[in-house]
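Here are the chains, one letter per residue:
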Amino acid sequence: MTSHSTSAPPSGARAHRLRTSRGEFAVVDVPSAAGVPVRGVALLLPGYTGSKEDFTLVHEPLAARGYRTVAVDGRGQYQSDGPADNESAYAQDELARDVLAQANAVGAPVHLVGHSLGGQIARAAVLLDRSPFRSLTLVSSGPARISVSQEQRVKLLRDALAVMSMAECWETILAMGPPEEVGGPARGPGGQEHLRRRWSNTSPAQLLATGRQLCTEPDRVAELAAVPLPFHVLSGARDDTWPVPDLDEMALRLEAHRTVVDGAEHSPAVDRPAPTARALADFWDGLAATP
């Protein structure tokens, strides 16, 4: 697995606060490349303990293919505001409504991409209202709750958050080594100082509420399959959070386009950004070619 020390945004990127009907959200907004015909807009949602920076390495190749990409910190994630101690603000339905507002503020219809937890929030948004979306791509995001091994990690983190400060939790995470979902805070583009800052600025209530969601999410694939929208299931070749055979089966149930990125694990956009970006753009281009 590759590690990347850079979190520098690509050329033309604009970090700003996106104003929506549900408040402001921190985004990195990257236009399509100069001289390339504009083919569409994508809204990118990060996973548990993640942030908009997790998509840093796919913006540029997607811009080169004609796609504007807007990566967002969800409510209470890193640079987006959210209450520190009110978990009800982070109910999945609330977060899904935030996504609908973000899509409309960016300029619907958009291609929606959700990584891991972000995929389950994206699914909830599509089930509430599909109209702002041209397609849905679920990146390393499974049909229901996370695997037992990752559930144990999330529960450990939730137990720690109940008795420790965010700074104390960070030291514990580093000591535990890099698991997948819960290790998210300690890996990704940007180096340790950025990752520590991201962790420190994330709301404990957001982590508690969304961690609980990951451990209890029901299987909503049949509901999603009934929505008339093009679907894409993308993952690495190995995943500890949702087994790859479960993702294969989900893709069949959704009649979704399926991509497996060789050499990637739970974070394809970080592990193997070039083939991940290519797979996303190929999927979107294919939709444009289909009436």
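Scoring rules and cut-offs
- Residues numbered from 1 in each chain as written.
- Predicted model: local features only at pLDDT ≥ 70, side-chain atom pairs only at ≥ 80, totals over all residues.
- Heavy atoms only, no water.
- Axes fitted to C-alpha atoms, helices over the stretch in contact; angles between N-to-C directions.
- Helix = DSSP H or I, 4+ residues; strand = E, 2+ residues; numbered from the N terminus.
- Parallel < 35°, antiparallel > 145°, perpendicular 65-115°, else oblique.
- Left-handed = near helix turned anticlockwise from the far one by under 90°.
- Contact = heavy atoms within 4.5 Å.
- Nonpolar A, V, L, I, M, F, W, Y, C, P; charged D, E, K, R; others polar.
- Buried < 20%, exposed > 50% of the residue type's maximum accessible area, 1.4 Å probe, protein only.
- Pairing = 2+ DSSP bridges.
- Core = buried A, V, L, I, M, F, W, Y, C linked by side-chain atoms within 4.5 Å.
- Right-handed = clockwise from strand over helix to strand, strands pointing away.

Participant: Would you explain the packing of helix α5 (residues 166-176) against helix α6 (residues 191-201) in this entry?
Facilitator: Packed helix pairs are characterised by how far apart their axes lie and by the angle those axes make with each other. In contact at an axis separation of 10 Å, α5 and α6 are set at 135° when each is read in the N-to-C sense. With respect to each other, α5 and α6 are oriented oblique. Along this stretch, α5 crosses α6, giving a crossing that reads as right-handed. Each of M166, C169, W170, I173 and L174 in α5 lies in contact with α6, whose residues at this interface are Q192, L195, R196 and W199. Broken down by class, the residue content of the contact of α5 with α6 amounts to seven nonpolar, one polar and one charged.

Participant: Is there a simple way to explain unusual backbone geometry in this structure?
Facilitator: The step from A108 to P109 runs through a cis peptide bond, and the omega angle for that step is 5°. Note that P109 resides in the loop between α2 (92-106) and β5 (110-115). We note that S116 has phi near 60°; this positive angle belongs to a residue other than glycine. Within the fold, S116 resides in the loop between β5 and α3 (117-128). S116 gets classed as buried once you look at its relative accessible area, which sits at 0%.

Participant: Sorry if this is basic, but what is going on with the pairing of strand β7 (residues 231-236) here?
Facilitator: The two faces of a sheet get side chains in turn, since along a regular strand they alternate between them. Taken across its six residues, β7 has six buried, putting it largely inside the fold. Residues F231, V233 and S235 point to one face of β7 and H232, L234 and G236 to the other, with burial holding for every one of them. Note that strand β6 (residues 133-139) and β7 share four bridges and pair parallel. Across the sheet, residue T137 finds its bridge partner in β7, namely H232. As paired strands, β7 and strand β8 (residues 257-261) are joined by five bridges and run parallel to one another.

Participant: Even after reading the chapter, I still don't get the nonpolar core, so can you show me in this structure?
Facilitator: A general tendency of soluble globular proteins is for nonpolar side chains to be buried together. With 57 residues, the main nonpolar core has L43, L112, F133, L136, W199 and L254 as its most contacted residues. If we skip the residues at most four places from it in the chain, L43 touches V70, V72, V99, Q102, A103, V106, V110, H111, L112 and V113. Among the nonpolar cores identified, the runner-up in size contains 19 residues, and V139, L234, V261 and L280 belong to it.

Participant: What is the right way to look at the pairing of β6 in this model?
Facilitator: Of all seven residues that make up β6, six are buried, and the element is covered over most of its length. Both β5 and β6 contribute to a ladder of six bridges, which runs parallel. The residue of β6 that forms the bridge with G114 is L138. A crossover links β5 with its parallel partner β6, the connecting element being α3, and its sense is right-handed.

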